[in-house]
Amino acid sequence: MRATVRTFLFRPREFFEGRADRLSGVRGAALALVLALVTTAVIALSLWAFSTLFDAEVGTAVWGSVVGALPLLVLAFLALWVALAVVLHVGAWLGRGDGRFGATLEVTAWGMVPLVAVAALAGLALVAFTNATEFPASSGTPLADARSLQRGLTGLTFLLLQIGGAVWQAVVWAAGLRVAHGISRRAAVVVGVLVATALVLLS
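Residue indices follow the written sequence of each chain, beginning from 1 at its first position. Owing to the predicted nature of the model, reporting of local features is limited to residues with pLDDT of at least 70; listing and counting of side-chain atom pairs is limited to 80 or more, with chain, interface and lining totals taken over all residues. Here the side-chain values reflect all heavy atoms present in the structure, with hydrogen atoms and water set aside.

1. Some details on the overall build of the chain
Argument step 1. If you tally the helices and strands in the chain, you get nine helices and zero strands.
Argument step 2. Secondary structure counts use DSSP, requiring at least four H or I residues in a row for a helix and at least two E residues in a row for a strand, with both numbered from the N terminus. Sequence-ordered secondary structure for the chain, helices as α and strands as β, is α-α-α-α-α-α-α-α-α.
Argument step 3. Taken over 203 residues, the chain has a buried fraction of 41%.
Argument step 4. Put simply, 77% of the contacts in the chain that link residues at least 6 apart link residues at least 24 apart. Three exposure classes are used, based on accessible area relative to the maximum for each residue type with a 1.4 Å probe and protein chains only: buried under 20%, partly exposed in between, and exposed over 50%. By definition, residues are in contact when any of their heavy atoms lie within 4.5 Å.

This is the structure in structure tokens:
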């Protein structure tokens, strides 16, 4: 297990080559669902911790709105996975690649693993920066307080996390597309970078 994790982190092409004949939409769907649930849980935990930094009334209101949105977050993650798979598959086709869409679905899912890591680190940063600025003594408007974190050092931290996650995604997707569709390294990198960059710009 540890060897598999290390291979995925440091030698993604070798990771995909080891499962080239097993890449499938079913495995991709299972992985995407697990990632959707884990990401949602991480975000929920982070926002719960964020809500506890305010007084009881405000914190309860914040958490109540979060709970209602959690099922939609899972569905949004899965919809994003399918949309990205379509874009990556078209990119591989334009790069003169072959291979099944099911393989692209699994490659896409593996490339969304960085979203879990980014969500976790961003959640920790949100709670840490919120606590440091003593928001419980603020005007009692958590939405405005959270928006203020998008500026200065905190905003830069969140941006760097997004960029780091995008770079990781691009590497994973490029490696996966090369193995799943037999496209050139250049084409795979171009597709991976373009899709990962677009994801950052649209977020």
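2. Some words on the packing of aromatic side chains
Argument step 1. The criterion for an aromatic pair is that two Phe, Tyr or Trp rings (for Trp, the six-membered ring) have centres within 6.5 Å, with stacked assigned to planes under 30 degrees apart, edge-to-face to planes over 60 apart and tilted to the rest. As enumerated under the stated definition, the model contains five aromatic pairs in all.
Argument step 2. With a centroid separation of 6.4 Å and an interplanar angle of 50°, the aromatic rings of phenylalanine 8 and tryptophan 168 are classed as tilted. In this pair, phenylalanine 8 sits in helix H1 (residues 2-10) while tryptophan 168 sits in helix H8 (residues 152-181), placing the two residues 160 residues apart along the sequence.
Argument step 3. With a centroid separation of 5.3 Å and an interplanar angle of 80°, the aromatic rings of phenylalanine 15 and phenylalanine 16 are classed as edge-to-face.
Argument step 4. A relative accessible area of 5% means that phenylalanine 15 is categorised as buried.
Argument step 5. Put simply, the rings of Phe8, Phe15, Phe16, Trp110 and Trp168 touch in pairs and so form one group of aromatic residues.

3. Comments concerning the nonpolar core
In globular proteins that are soluble, nonpolar side chains generally tend to be buried together.
Argument step 1. For this analysis, a nonpolar core means a set of buried residues of the types Ala, Val, Leu, Ile, Met, Phe, Trp, Tyr and Cys, connected via side-chain atoms within 4.5 Å. Counting residues in hydrophobic clusters, the biggest one holds 39 residues, and the most contacted among them are Phe16, Leu35, Trp110, Met112, Trp173 and Leu177.
Argument step 2. The biggest single contributor to this core is H8, with nine residues.
Argument step 3. Discounting residues that sit within four places of it in the chain, tryptophan 173 has contacts with Leu84, Leu88, Val107, Thr108, Gly111, Met112, Gly192, Val195, Ala196 and Leu199.
Argument step 4. Listed in part, the six residues of the second largest apolar core include Leu53, Phe54, Val58 and Val62.

4. Considering the packing of helix H4 (residues 56-94) against helix H9 (residues 185-202)
Argument step 1. As a packed pair, H4 and H9 sit with axes 10 Å apart at the nearest point and diverge in direction by 150°. As far as their axial angle goes, H9 and H4 are roughly antiparallel. In this structure, the crossing between H4 and H9 has a hand that is right-handed. Together, Leu80, Leu84, Val87, Leu88, Gly91 and Ala92 of H4 and Val191, Val195 and Leu199 of H9 make up the contact between the two elements.
Argument step 2. Just so you know the grouping, Ala, Val, Leu, Ile, Met, Phe, Trp, Tyr, Cys and Pro go in nonpolar, Asp, Glu, Lys and Arg go in charged, and all remaining residues, Gly too, go in polar. Its residues placed into classes, the contact of H4 with H9 shows eight nonpolar, one polar and no charged. A fitted line through C-alpha atoms serves as each axis, taken over the contacting stretch for helices, and the angle formed by two N-to-C directions is quoted from 0 to 180°. To sort the angles, those under 35 degrees are grouped as roughly parallel, those over 145 as roughly antiparallel, those from 65 to 115 as roughly perpendicular, and the leftovers as oblique. Crossing handedness: left-handed means the near helix sits turned counterclockwise from the far one by under a right angle, and right-handed means the same turn made clockwise.

5. Side note on unusual backbone geometry
Argument step 1. Although it is not a glycine, arginine 96 adopts a positive phi angle of roughly 65°.
Argument step 2. Note that arginine 96 resides in the loop between H4 and helix H5 (101-110).

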